[in-house]
Amino acid sequence: MKRSPTENAASARKVTRRALFLGASQLAFMGVLGLRMRFLQVDQADQFRLLAEENRIKIQLLPPARGLIYDRNGTALAENEQTFKVVIRKQDAQELDKVLAELERLIGLTPAEQARVRADLKNRKIGPSTPITIADRLTWEQFSAVAANGPALPGITPEVGLSRHYPLKGDFAHLVGYVGPVSDYALSQMEEVDPIYHIPDFQLGKSGVEHRMEDVLKGKAGILRVEQNVHGRIIREIDRQEGQPGANIQLTLDHKVQNFVQARLGGESAAAVVLDVETGDIIAAGSTPSFDPNLFVRGISVADYNTLLENDHRPLPGKAVQGAYPPGSTFKLVTALAALEAGVVTPDETVRCLGHVEVGSRRFHCWKRAGHGNMNLAASLRHSCDVYYYEMAQRTGIENIAKMGRRLGLGESYDLPLSGISSGLMPDKQWKLANRGAEWVVGDSLNAAIGQGFVLTTPLQLAVMTARVATNREVVPRLVRSIDGMEQPIRGGGELGINENMLRSVRQGMFEVLNSNRGTAYASRIADETQRMAGKTGTSQVRNTVVNNKNVPWEERDHALFVSYAPYDAPRYAVSVVVEHGGGGSSVAAPIARDVMLFALHGAVPPLDAYPSSQRNTIRERFRTLPLVGKEDESTERSRA
């Protein structure tokens, strides 16, 4: 059937409208597409060009040189040594078996080391371009052999780097500390992880100054930009920006004095501190036995670590600041000053010692069972009479004694960049109630008055106490002398405010300890009158029963202590010595303290005429056998002279 002309015209009009609509839609779409293409190709061209660059340009961090640590005279205590190593990357490990076999021939690569390399290459956390160390600390000959055989070692890269080294080994192990590999545990302890710690083989401070001043020593990483292909293989180096090295630190320590302290303490489980009484500078802080911190730099072996842990003399803790000991009779300086300041005794007043005192149903003995007779202040210190101080404790009270102890620096943890500093314990009534749930009793005061019971002190605190007695000033210990040449402030130094006459009386008693022929440490006197020493002996019990030290095992013997300062007329140094389970302070600790004091005063092995003539042969033989730094050089110079 044919359409009418009217229907054909209407149909033509419909087709025309549809075509116009479709055409307009296509035109709009093409316009939007064109605008989008212009936006991507013109307006966003720079951004997409950057993204493309990032796909082929890799940014790597460069480890900075770690800051160096020196003693007060500029001798290096922690330095960076050049090390030779060989590395491989996953992307280059196609002929691994062949390469490892060749390295076994060239540098003696062990099966265990080969297994470690294989495990690292399978580790998904390690990227294809991250260098994996195959062997480090190579000799120059080994390094040269690897470099010369490069064509036979596809994928191997010889590299020169830096690693920490401690030239004086165990002398400063407890103070300077050591570095070690960055562990997952160390990272978990950080609030914010610096990307520098993800650099392969980067070394992190683990103890001592190395740990406490990590932020100062580590420096800032550099940046290396390299071009790599689609497989992650590095094609070329584009740009290198070296990092900022860590700051150099100068400590207050003197390496010669420190070395002498370590050598003089010898095989004892002991500690000694030398303190400058004017500045508070720690000249030496020895702890024995020690260990070689170089063992920890690349990760200590299980065997070596177990050897240190199983040693009953405990070489790992730094006893000078971490060890807390009953101070024994060295604490009588505190009790004497507390009693004088409280006005309960005068220097000339006497107390009769019959060998014991009874308090309630308990008898408190003097170390001399027969008694000392009448004792004034100076005599009580000279003879170290316990009964005199039992009486002072009852008159003075623990609150006054504790107050004086804190004034003299006990019970305080000093702000030093060292690990595990102990605050010791200066107890009072409130402390016992809070920590033991019991009331303070008179017997507690009597024990505290002679440095037993709850009282605990560190060798550093004992040195501070002695320096404050010697100067009547608030001496505060300092360990860091300068950072990158910038002098660090000396803290404290203000007057203690103790009556000078009272201090004179105590100092006189300390002088007689060494320089009176009836003093407990007379055998350890200094013969040179310009360097005469004042001090106080101490013996602290580690068991309740009184038994001769020779009849009990080492670990049950008394601790031996001694504190001193010199010269008596113009104090320069304070010295404290603690010998764990050493026995008597007068026979064991005092001779060590005298040698250390004389070495500090002379800056070298002291002359024999500083000692009593009857002791000089013994002293000469003692010094001859001490393993001192530079001793061979000095001997050579003497022989040439």
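Calculation criteria
Residues numbered from 1 in each chain as written. Predicted model: local features only at pLDDT ≥ 70, side-chain atom pairs only at ≥ 80, totals over all residues. Heavy atoms only, no water. Helix = DSSP H or I, 4+ residues; strand = E, 2+ residues; numbered from the N terminus. Buried < 20%, exposed > 50% of the residue type's maximum accessible area, 1.4 Å probe, protein only. Contact = heavy atoms within 4.5 Å. Areas by Shrake-Rupley, 256 points an atom, 1.4 Å probe, with all protein chains shown as cover. Salt bridge = Lys/Arg side-chain N within 4 Å of Asp/Glu carboxyl O. Pairing = 2+ DSSP bridges. Axes fitted to C-alpha atoms, helices over the stretch in contact; angles between N-to-C directions. 1 Å grid on protein atoms, 1.4 Å probe; cavity = no way out; pocket = protein on both sides within 12 Å on 5 of 7 lines; lining within 4 Å. Points joined across faces, edges and corners; volume = space filled by probe spheres on them. Nonpolar A, V, L, I, M, F, W, Y, C, P; charged D, E, K, R; others polar. Parallel < 35°, antiparallel > 145°, perpendicular 65-115°, else oblique. Left-handed = near helix turned anticlockwise from the far one by under 90°. Patch = residues over 30% accessible without salt bridge, like charges linked within 9 Å, V, L, I, M, F, W, Y side chains within 5 Å. Core = buried A, V, L, I, M, F, W, Y, C linked by side-chain atoms within 4.5 Å. Phe/Tyr/Trp six-rings, centres within 6.5 Å; stacked < 30°, edge-to-face > 60°. Lys NZ or Arg CZ within 6 Å of the ring centre and 35° of its normal.

**Remarks on the overall build of the protein**
Right, so step 1: What the protein contains, in helices and strands, is 23 helices and 23 strands.
Right, so step 2: The buried share of the protein, taken over its 641 residues, is 49%.
Right, so step 3: Pairs at least 24 apart in sequence give 71% of the contacts found in the protein among residues at least 6 apart.
Right, so step 4: For the protein, the accessible surface area stands at approximately 31100 Å², while carbon and sulfur atoms represent 50% of it.

**Let's talk about the pattern of salt bridges**
Right, so step 1: A complete count under the given rule lists 30 salt bridges for this structure.
Right, so step 2: Notably, a salt bridge pairs R66 with E214, separated by 2.7 Å at the nearest N-O pair. Of this pair, R66 sits in the loop between β1 (57-62) and β2 (69-70) while E214 is found in helix α8 (residues 214-217), placing the two residues 148 residues apart along the sequence. For the pair formed by R66 and E214, the shared burial category is buried.
Right, so step 3: For R382, the salt bridge identified is with E512, shortest N-O distance 2.2 Å. Of this pair, R382 sits in helix α14 (residues 377-383) while E512 sits in helix α20 (residues 500-515), and the two are 130 residues apart along the sequence. Considered together, R382 and E512 belong to a single accessibility category, that of buried residues.

**Describing the sheet that holds strand β11 (residues 270-276)**
Right, so step 1: The five strands are arranged β12-β11-β23-β22-β21 in an open sheet whose pairing can be described as antiparallel. Single-partner strands in this sheet number two, and they are β12 (282-288) and β21 (534-540). Each strand axis lies, on average, 5° off the axis of its neighbour in the sheet, ignoring direction.
Right, so step 2: Against the sheet, helix α19 (residues 459-471) contacts β11, β12, β22 (559-566) and β23 (573-579), and its axis sits at roughly 145° relative to β23.
Right, so step 3: The sheet contacts of α20 involve β21 and β22, and relative to β21 the element is tilted by about 75°.

**Brief notes about empty space enclosed by the protein**
Right, so step 1: The full count for this structure, using the stated rule, is two cavities of 30 Å³ or more.
Right, so step 2: The calculated volume of the largest cavity comes to roughly 50 Å³.
Right, so step 3: Lining the largest cavity we find H174, L175, A285, G286, S287, G318, K319, A320, V321 and L418.
Right, so step 4: Elements supplying a minimum of two residues to the lining of the largest cavity: β12 and α12 (319-322).
Right, so step 5: Each residue belonging to the lining of the largest cavity can be placed in one class, and the counts come to five nonpolar, four polar and one charged.
Right, so step 6: Empty space within the second largest cavity amounts to approximately 40 Å³.
Right, so step 7: E278, T279, G280, R473, E474, V475, V476, I490, R491, G492 and G493 are the residues that line the second largest cavity.
Right, so step 8: Those elements giving two or more residues to the lining of the second largest cavity turn out to be β17 (473-475) and β20 (492-495).
Right, so step 9: Of the residues forming the lining of the second largest cavity, the biggest block, three residues, is contributed by β17.
Right, so step 10: Residue classes in the lining of the second largest cavity are distributed as three nonpolar, four polar and four charged.

**Quick word on the packing of helix α13 (residues 332-342) against helix α15 (residues 386-396)**
Right, so step 1: Look at α13 against α15: their axes get within 10 Å of each other, and the N-to-C directions meet at 45°. As judged from the angle between their axes, α13 and α15 are oblique. The way α13 lies across α15 gives a crossing that is left-handed. The residues of α15 that touch α13, namely those facing K332, T335, A336, A338, A339 and A342, are D386, Y389, M392 and T396.
Right, so step 2: Residues belonging to the contact of α13 with α15 are distributed by class as follows: six nonpolar, two polar and two charged.

**Concerning a nonpolar patch on the surface**
Right, so step 1: Residues F29, M30, L33 and M37 make up a contiguous nonpolar surface patch of about 410 Å² in total accessible area.
Right, so step 2: As for its placement among the helices and strands, M37 is situated in helix α1 (residues 5-43).

**Concerning the nonpolar core**
Right, so step 1: In this structure, V334, L337, Y388, Y389, L408, M465 and V506 are the most contacted members of the largest nonpolar core, which totals 59 residues.
Right, so step 2: Per-element tally for this core: the top contributor is α13, with seven residues.
Right, so step 3: Residues within four places of L408 in sequence aside, it is in contact with V334, L337, V464, M465, R468, V469, L496 and I498.
Right, so step 4: Of all hydrophobic cores here, the second largest spans 41 residues; its members include Y178, I249, A285 and A463.

**A closer look at the packing of helix α3 (residues 96-107) against helix α4 (residues 111-122)**
Right, so step 1: α4 packs onto α3 with a crossing angle of 150° between their chain directions and a minimal axis gap of 11 Å. Regarding the angle of α3 to α4, the classification is roughly antiparallel. When the axes of α3 and α4 are compared, the crossing they make is right-handed. Between α3 and α4, the residues in contact are L96, D97, L100 and E104 and Q114, V117, R118 and L121, respectively.
Right, so step 2: Considering only residue class, the contact of α3 with α4 consists of four nonpolar, one polar and three charged.

**Thoughts on the environment of P489**
Right, so step 1: Checked against the element boundaries, P489 lands in the loop between β19 (486-487) and β20.
Right, so step 2: Separated by 11 residues in sequence, P489 and R478 have C-alpha atoms that sit 8.8 Å apart.

**So, α15**
Right, so step 1: Burial analysis of α15 places eight of its 11 residues in the buried class, the great majority of the element.
Right, so step 2: For α15, the set of buried residues is D386, V387, Y388, Y389, Y390, M392, A393 and T396.
Right, so step 3: Where α15 ends, the next residue or the one after it, G397, has phi of about 90°, a positive value.

**Section: the packing of aromatic side chains**
Right, so step 1: Tallied over the entire structure, the rule returns 17 aromatic pairs.
Right, so step 2: On the basis of an interplanar angle of 65° and a centroid distance of 6.0 Å, the ring pair of F260 and F623 is categorised as edge-to-face. On the criterion of sequence distance, the pair formed by F260 in helix α9 (residues 255-265) and F623 in helix α22 (residues 616-625) is long-range, its members being 363 residues apart. Side by side, F260 and F623 carry an identical accessibility label, which is buried.
Right, so step 3: Ring geometry for W431 against F454: centres 5.1 Å apart, planes inclined by 55°, an arrangement best described as tilted. With a gap of 23 residues between them, W431 in helix α17 (residues 429-436) and F454 in the loop between α18 (442-449) and α19 connect regions that are remote in the sequence. F454 shares its class with W431; the two are buried.
Right, so step 4: Put simply, the rings of Y178, F291, F296 and Y305 touch in pairs and so form one group of aromatic residues.
Right, so step 5: Here the basic side chain of R525 rests over the ring of Y522, its NZ or CZ set 3.9 Å away from the ring centre.

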